[in-house]
Amino acid sequence: MAALGWLTPRRRSATARSVLAGEASAEAARKSTQIVPEREPEFPVPGDERAAAFFDLDNTVMQGAALFHFGRGLYKRKFFDTRDLARFAWQQAWFRLAGVEDPEHMQDARDSALSIVQGHRVSELQSIGEEIYDEYMAERIWPGTRALAQAHLDAGQRVWLVTAAPVEIAQVIARRLGLTGALGTVAESVDGVYTGKLVGEPLHGPAKAEAVRALALAEELDLSRCAAYSDSHNDIPMLSLVGHPYAINPDAKLRKHARRMDWRLRDYRTGRKAAKVGIPAAAGVGAVAGGTAAAIALHRKRR
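Residues numbered from 1 in each chain as written. Predicted model: local features only at pLDDT ≥ 70, side-chain atom pairs only at ≥ 80, totals over all residues. Heavy atoms only, no water.

As recorded in an unreviewed UniProt entry, the chain goes by the name HAD-IB family hydrolase, listed as coming from Streptomyces griseoloalbus. The record held by UniProt for the chain lists under Sequence similarities (unreviewed entry) the comment "Belongs to the HAD-like hydrolase superfamily. SerB family." (UniProt positions renumbered as here; feature names shortened; annotations may be inferred.)

Here it is, written out as structure tokens:
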């Protein structure tokens, strides 16, 4: 049996150093159970009157382009013909497939809208805008983004939409969502009638940042305590102004920039944009053709 002695563990008395090591380890374990993890600061901060939130509209608060949905409503009311509606359908198809705001397409959409409303009264378009919101826009509000806006309101903060869409449309949407107000593109009017021209330029890209900066100054806001939300890389100037920028349903360029800058991201879409998963170009053509066909069918039905 002596030969098997090496299989039996030997009892060794603890040295002073091993006792010290054991006691230190036990003490560290005991303290670790008492440590309360650091909690992320509450945001938005309740009662912070110098903080506010700024939300882009198209594909951030609402799926698709507000101007397109407004155009659908105007077509229904015979403001323009099928050819114009087909153009709107093409612009919307591009917006949905590409997932970006192409300046040329946006400019074309604005020019179309301005020519359509020329000669109409501002009050008439405001009233129609209320109806169009109920018909086409209300069901396209992203619930996730709406909850973010409500969180700021619940914290006692002001919330504005900031969009290249006409300010009349933006104001209707802001009012319906219970927001503070809206910044949007201003169409020129004389004696309450649209002239078909803009005041300045569309509220897009850097112009949004300047509008937010001016509003913050007038409202005595601290931009470092404010938040901004957008889906488009065109709004990086606005997002860069605030202390809390969020990329919502971001396009590829904004997603990349947000990750590099460690901005927060939220994506409320159920699937990726078609253009981001390699959809064939023919599918894009099909979408446009489908939109045009639907417009023609609707036109024929109404005749």
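With respect to the helices and strands, the residue Ala227 is situated in strand β6 (residues 227–230). Judged by relative accessible area, Ala227 falls into the buried class, the value being 1%. Taking the C-alpha atoms as reference, Ala227 lies 8.6 Å from Pro44; in sequence the two are 183 residues apart. Contacts of Ala227, omitting those with residues within four sequence positions, involve Phe43, Ala52, Ala53, Phe54, His152, Val242 and His244. (Helix = DSSP H or I, 4+ residues; strand = E, 2+ residues; numbered from the N terminus. Buried < 20%, exposed > 50% of the residue type's maximum accessible area, 1.4 Å probe, protein only. Contact = heavy atoms within 4.5 Å.)

Within a pair of aromatic rings, the relevant descriptors are the distance that separates the centres and the angle that separates the planes. This structure, assessed with the given rule, holds three aromatic pairs. Ring geometry for Tyr229 versus Tyr246: centroids 4.7 Å apart, planes at 20°, classification stacked. Separated by 17 residues along the polypeptide, Tyr229 in strand β6 and Tyr246 in strand β7 (residues 244–248) bring together distant segments of the chain. For the pair formed by Tyr229 and Tyr246, the shared burial category is buried. Members of the aromatic cluster, connected to one another through ring pairs, are Phe55, Tyr229 and Tyr246. (Phe/Tyr/Trp six-rings, centres within 6.5 Å; stacked < 30°, edge-to-face > 60°.)

The next thing to look at is the nonpolar core. Grouped together as the largest cluster of nonpolar side chains are 42 residues, with contacts concentrated most on Phe55, Leu74, Met137, Leu161 and Ile173. It is helix α5 (residues 122–137) that contributes the most residues to this core, seven residues altogether. Excluding residues that lie within four positions of it along the chain, Met137 makes contacts with Met62, Ala66, His69, Phe70, Ile132, Ile169 and Ile173. Counting 25 residues, the second largest nonpolar core, distinct from the first, contains Val212, Leu215, Val242 and Leu254. (Core = buried A, V, L, I, M, F, W, Y, C linked by side-chain atoms within 4.5 Å.)

In the structure shown here, the tally under the stated rule is 15 salt bridges. Put simply, Glu135 and Arg77 hold a salt bridge, and the shortest N to O gap is 2.7 Å. Pair noted here: Glu135 is in helix α5 and Arg77 is in the loop between α2 (66–76) and α3 (82–98), with a separation of 58 residues, a long-range link. A salt bridge links Lys208 to Asp235; the nearest nitrogen and oxygen atoms lie 3.1 Å apart. Placement of the pair is Lys208 in helix α8 (residues 206–218) and Asp235 in the loop between β6 and α9 (236–241), with a sequence separation of 27 residues. Taken as a pair, Lys208 and Asp235 share a single burial class, namely buried. It is possible to trace a salt-bridge network through shared partners that takes in Lys76, Arg77, Glu131 and Glu135. (Salt bridge = Lys/Arg side-chain N within 4 Å of Asp/Glu carboxyl O.)

Counting through the fold element by element, Ala247 comes out in strand β7. Looking at Ala247, the relative accessible area reads 0%, which means it is buried. Residues Ala247 and Leu265 lie 18 residues apart in sequence; the distance between their C-alpha atoms is 4.7 Å. If we ignore the near neighbours within four places in the chain, the residues touching Ala247 are Ser230, Leu254, Ala258, Arg264, Leu265 and Arg266.

Looking at the chain as a whole, its pLDDT mean stands at 78, while 67% of the residues score no less than 70. The low-confidence segment residues 272–303, where pLDDT is below 50, has 31 contacts with residues more than four positions distant or belonging to other chains. (pLDDT = per-residue confidence, 0-100.)

At a minimum axis distance of 9 Å, the contact between α5 and helix α7 (residues 167–176) shows a crossing angle of 50°. It follows that α5 is oblique to α7 by the angle criterion. Crossing angle aside, the handedness with which α5 passes α7 is right-handed. Together, Val122, Gln126, Gly129, Glu130, Tyr133, Asp134 and Met137 of α5 and Glu168, Ile169, Val172, Ile173, Arg175 and Arg176 of α7 make up the contact between the two elements. In the contact of α5 with α7, the residues fall into six nonpolar, two polar and five charged. (Axes fitted to C-alpha atoms, helices over the stretch in contact; angles between N-to-C directions. Parallel < 35°, antiparallel > 145°, perpendicular 65-115°, else oblique. Left-handed = near helix turned anticlockwise from the far one by under 90°. Nonpolar A, V, L, I, M, F, W, Y, C, P; charged D, E, K, R; others polar.)

Before going further, it helps to examine the sheet that holds strand β8 (residues 264–266). Strand order in the open sheet formed by six strands is β3-β2-β1-β6-β7-β8, and the pairing between neighbours is parallel. The two strands at the open ends of the sheet, each matched to only one other strand, are β3 (181–185) and β8. Each strand of the sheet is rotated relative to its neighbour by a mean of 20°, with strand direction disregarded. Here β6 runs beside β7; their pairing, made up of four bridges, is parallel. Paired with Tyr229 across the two strands is Tyr246, which belongs to β7. Docked against the sheet, helix α6 (residues 143–154) engages β1 (52–55), β2 (158–166), β6 and β7, running at close to 160° with respect to β1. (Pairing = 2+ DSSP bridges.)

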